[in-house]
Amino acid sequence: LASDMDSIIQKTSIGIQIHDPRTKWSDDLYLLMGQAYYYKGDYKNAATTFKYIVSIRRMLEEQKRKRKKNPYRRSAADRTPSIAAEEKRNIFTALRHRTAHNEGLLWLIRTYAQSEQPEQAESVIELLAADPKFPKHLQGRLALEKSFLYLKEDNRLAASEQLATVADDRHTGKWLRMRAAYINGQLQQQTGNYQGAAGHFRNVIA
């Protein structure tokens, strides 16, 4: 995949260079670039790219605050420490552009876990789990990253609990829920819990 990933990195780099960093597509370009680095196995650059998505949001929020009549007066929501981006999902916002900020944070967890940096991955997980702005429809995705980290640490019991959450989450794509249930069935089978494994495999078939 290296040559294809290099092509993606080159094209996203050009897109970043020729567009204003304040454009709403900036985080999407960085997300795509970070994913390409991840699949190349270049986890250091992947993590740097995903972290830059967070810094872009902070820059835009600071500029927005300065444009207000009283830039030093902030609402209670603004004063609450948060690294996540609030996402409003309804029929009126279905076709609007959605920020890639939260997606970048989830990929950052995955990158830390894959690069044998569990402490950093756990830190981001804890921040998102306690973040009031982290969207409910992404709770299943957060559980998925938790399960990935637990599997890397060979903590099968904790991974199984998180995979069950993913499989039951209606906001998560069906293929991902199916895959989570299948892996959970394999984990239960390996530990000798054949009845539990059969239940997860039936979930896959359903």
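Look up a bit, the structure's there.
Scoring rules and cut-offs
- Residues numbered from 1 in each chain as written.
- Predicted model: local features only at pLDDT ≥ 70, side-chain atom pairs only at ≥ 80, totals over all residues.
- Heavy atoms only, no water.
- Salt bridge = Lys/Arg side-chain N within 4 Å of Asp/Glu carboxyl O.
- Helix = DSSP H or I, 4+ residues; strand = E, 2+ residues; numbered from the N terminus.
- Buried < 20%, exposed > 50% of the residue type's maximum accessible area, 1.4 Å probe, protein only.
- Axes fitted to C-alpha atoms, helices over the stretch in contact; angles between N-to-C directions.
- Parallel < 35°, antiparallel > 145°, perpendicular 65-115°, else oblique.
- Left-handed = near helix turned anticlockwise from the far one by under 90°.
- Contact = heavy atoms within 4.5 Å.

**As for the pattern of salt bridges**
Then step 1. Under the definition given, this model contains 5 salt bridges.
Then step 2. Among the salt bridges present, the one from Glu-116 reaches Lys-152, with a minimum N-O distance of 3.5 Å. Of the two residues, Glu-116 is situated in the loop between α5 (101-114) and α6 (118-129) and Lys-152 in helix α7 (residues 139-152); the sequence distance between them amounts to 36 residues.
Then step 3. The salt bridge partner of Asp-154 is Arg-156, with a shortest N-O separation of 3.3 Å.
Then step 4. With a relative accessible area of 53%, Asp-154 lands in the exposed category.
Then step 5. Given a relative accessible area of 36%, Arg-156 falls into the partly exposed group.

**A short note on the packing of helix α8 (residues 156-168) against helix α9 (residues 174-190)**
Then step 1. Following both chains from N to C, one finds α8 and α9 inclined at 150°, their axes separated by 8 Å at the closest point. As far as their axial angle goes, α9 and α8 are roughly antiparallel. The crossing of α8 and α9 is left-handed. Along its contact with α8, which presents Arg-156, Ala-159, Ser-160, Leu-163, Ala-164, Val-166 and Ala-167, the element α9 presents Leu-176, Arg-177, Ala-180, Ala-181, Ile-183, Asn-184, Leu-187, Gln-188 and Gln-190.

**Here we look at the environment of Tyr-43**
Then step 1. Inspection of the secondary structure puts Tyr-43 in helix α3 (residues 43-66).
Then step 2. By relative accessible area, which is 23% here, Tyr-43 ends up partly exposed.
Then step 3. The sequence separation of Tyr-43 and Gln-114 amounts to 71 residues, and the corresponding C-alpha distance is 7.8 Å.
Then step 4. Those residues in contact with Tyr-43 that sit more than four places away from it in its chain are Tyr-38, Thr-111, Gln-114 and Ser-115.

**What about the side chain of Ser-160?**
Then step 1. By secondary structure assignment, the location of Ser-160 is in helix α8.
Then step 2. Classification of Ser-160 as buried rests on a relative accessible area of 8%.
Then step 3. Every residue in contact with Ser-160, bar those within four places of it in the chain, is listed here: Asn-184, Leu-187 and Gln-188.

Everything listed here is a matter of coordinates, which is why it stays silent on function.
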